[in-house]
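The chain contents come next:
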Amino acid sequence: MPRIAYVNGRYVRHAEAGVHIEDRGYQFADGVYEVCEVARGYIIDMTRHLDRLGRSLSELSIEWPMHRSALEIVMREVIRRNGVENGLVYLQVTRGVAPRDHVFPAPGTRPAVVVTAKRLDPKAAARRAEKGVKVITVPENRWERVDIKTVGLLPNVLARQKAREAGAAEAWFLDTDGMVKEGAATNAWIITADGKLVTRPADFGILRGITRATVLDLAAKMGLAVEERAFSVEEAQSAREAFITAASTVVMPVVEIDGRPVANGHPGSLTLSLRHSFFDVAEKSPAC
């Protein structure tokens, strides 16, 4: 089955899909995006993802490319055409195509939209969770508005590459006080010795992760205490457990930070419990 993408009103073969060279996303990273998990034939937390898309668009004064309900139809059609039962659906909106100029283009310039989907093997993700992942830490070097989910991800790319070269799966950004902010593509969590979940407050310093929000719901349902506060690398390394969250990873155990094992160096039982229970609590919208 050939992959299919939606590009500015047309469904096209993924291998042949393209955007104009003066698309402002290509020229200036002037755009935003969202990634939703597709699991067991459902789009996970679609309402929250599209709510956040709307906020990102508003913060950058970009119009919706189409009515929200129409975008939902496109997402489902792309998922259907790609035969995705388990995987990811990606949507990107830019300010559109216009002659290259730093100021906004003329009123009436239509935003550009791309939607793609791909299949992933849930068994492979489960095997990864059984072993856990390693993370490294890097100094924060991004712009201050990381709460907006923009396509301007070069610092994140460089951090992830550094992690890859170190044999790790993720890099955690540290603020000037040496406190953990978030990962290059994930939110960061620890579990204290007395079983409290700790994650940094989702203010303007980190992205308000959708999976993060659902884990907070899950923690409340499970009766787990949560502290939204900063934590240091040393506290994370000494924690009972650590994990990361994102639509692409769900809840993924962290077993090593900067070369030092977390607890016994194996995924923690509470983290795995959160992972196994996540689907039951998340919002599930039929994918087709």
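Residues numbered from 1 in each chain as written. Predicted model: local features only at pLDDT ≥ 70, side-chain atom pairs only at ≥ 80, totals over all residues. Heavy atoms only, no water.

A.B. asks: Report on the overall build of the protein, specifying residues and quantitative values.
C.D. replies: Broken down by element type, the protein carries eight helices and 16 strands. Its C-alpha radius of gyration of 19 Å places the protein within 12% of the 19 Å reference for a compact globule of 288 residues. Dimensions of the protein along its principal axes, counting C-alpha atoms only, are 55 × 40 × 35 Å. Here the protein holds 288 residues, and the buried ones make up 50% of them. A separation threshold of at least 6 residues defines the contact pool for the protein, and within that pool the share at least 24 residues apart is 72%. Total accessible area computed for the protein in this model is approximately 13,800 Å², and 52% of it derives from carbon and sulfur atoms. Averaging the locations of the 39 positively and 36 negatively charged side chains of the protein gives two centres separated by 5 Å. (Helix = DSSP H or I, 4+ residues; strand = E, 2+ residues; numbered from the N terminus. Rg over C-alpha atoms; globule rule 2.2 N^0.38 Å. Buried < 20%, exposed > 50% of the residue type's maximum accessible area, 1.4 Å probe, protein only. Contact = heavy atoms within 4.5 Å. Areas by Shrake-Rupley, 256 points an atom, 1.4 Å probe, with all protein chains shown as cover. Lys, Arg positive; Asp, Glu negative; His and termini not counted. Charge placed at Lys NZ, Arg CZ, Asp CG, Glu CD.)

A.B. asks: Which residues make up the sheet that holds strand β6 (residues 112-119), and what are the values?
C.D. replies: The strand order β2-β1-β6-β5-β3-β4-β16 describes an open sheet built from seven strands, whose pairing is antiparallel. For this open sheet the edge positions go to β2 (10-13) and β16 (284-286), each flanked by a neighbour on one side alone. Neighbour-to-neighbour, the strand axes of the sheet open up by a mean angle of 30 degrees, direction not taken into account. In this structure, strand β3 (residues 31-39) lies alongside strand β4 (residues 42-44), joined through two bridges in antiparallel fashion. (Pairing = 2+ DSSP bridges. Axes fitted to C-alpha atoms, helices over the stretch in contact; angles between N-to-C directions.)

A.B. asks: Describe the packing of helix α6 (residues 210-222) against helix α8 (residues 269-281), listing the residues and the values that go with them.
C.D. replies: Between α6 and α8, whose axes approach to 10 Å, the crossing angle comes to 100 degrees. Comparing the axis directions of α6 and α8 gives the class roughly perpendicular. Contact residues: α6 offers T211, T214, V215, D217, L218, K221 and M222, while α8 offers L270, S273, L274, S277, F278 and V281. For the contact of α6 with α8, a count of residues per class yields seven nonpolar, four polar and two charged. (Parallel < 35°, antiparallel > 145°, perpendicular 65-115°, else oblique. Nonpolar A, V, L, I, M, F, W, Y, C, P; charged D, E, K, R; others polar.)

A.B. asks: Hey, could you go over the nonpolar core for me, with residue numbers and the actual values?
C.D. replies: By size, the foremost hydrophobic cluster in this structure holds 26 residues, and its most contacted members are L71, M75, I79, V89 and V115. Contributing elements (two or more residues each) for this core: β3, α2 (46-59), α3 (68-81), β5 (87-94) and β6. The element that contributes the greatest number of residues to this core is α3, accounting for five residues. The residues touching L71, leaving out its near neighbours within four places in the chain, are L50, L53, W64, M66, L91, V113 and V115. Core analysis: the second largest hydrophobic core is formed by 19 residues, L174, V180, A188 and A242 among them. (Core = buried A, V, L, I, M, F, W, Y, C linked by side-chain atoms within 4.5 Å.)

A.B. asks: Break down the packing of aromatic side chains for me, citing the residues and quoting the values.
C.D. replies: Enumeration over the complete set of coordinates arrives at five aromatic pairs. For the pair Y33 and Y90, a centre-to-centre distance of 5.7 Å together with 25 degrees between the ring planes defines the contact as stacked. Of the two residues, Y33 sits in strand β3 while Y90 sits in strand β5, which places them 57 residues apart along the sequence. Its relative accessible area of 13% is what places Y33 among the buried residues. Residue classification places Y90 among the partly exposed residues on the basis of a relative accessible area of 26%. Here R40 stacks its cationic end above the ring of F279, 3.9 Å away from the centre of that ring. Cation over ring: K284 sits above F279, and NZ or CZ is 5.0 Å from the ring centre. (Phe/Tyr/Trp six-rings, centres within 6.5 Å; stacked < 30°, edge-to-face > 60°. Lys NZ or Arg CZ within 6 Å of the ring centre and 35° of its normal.)

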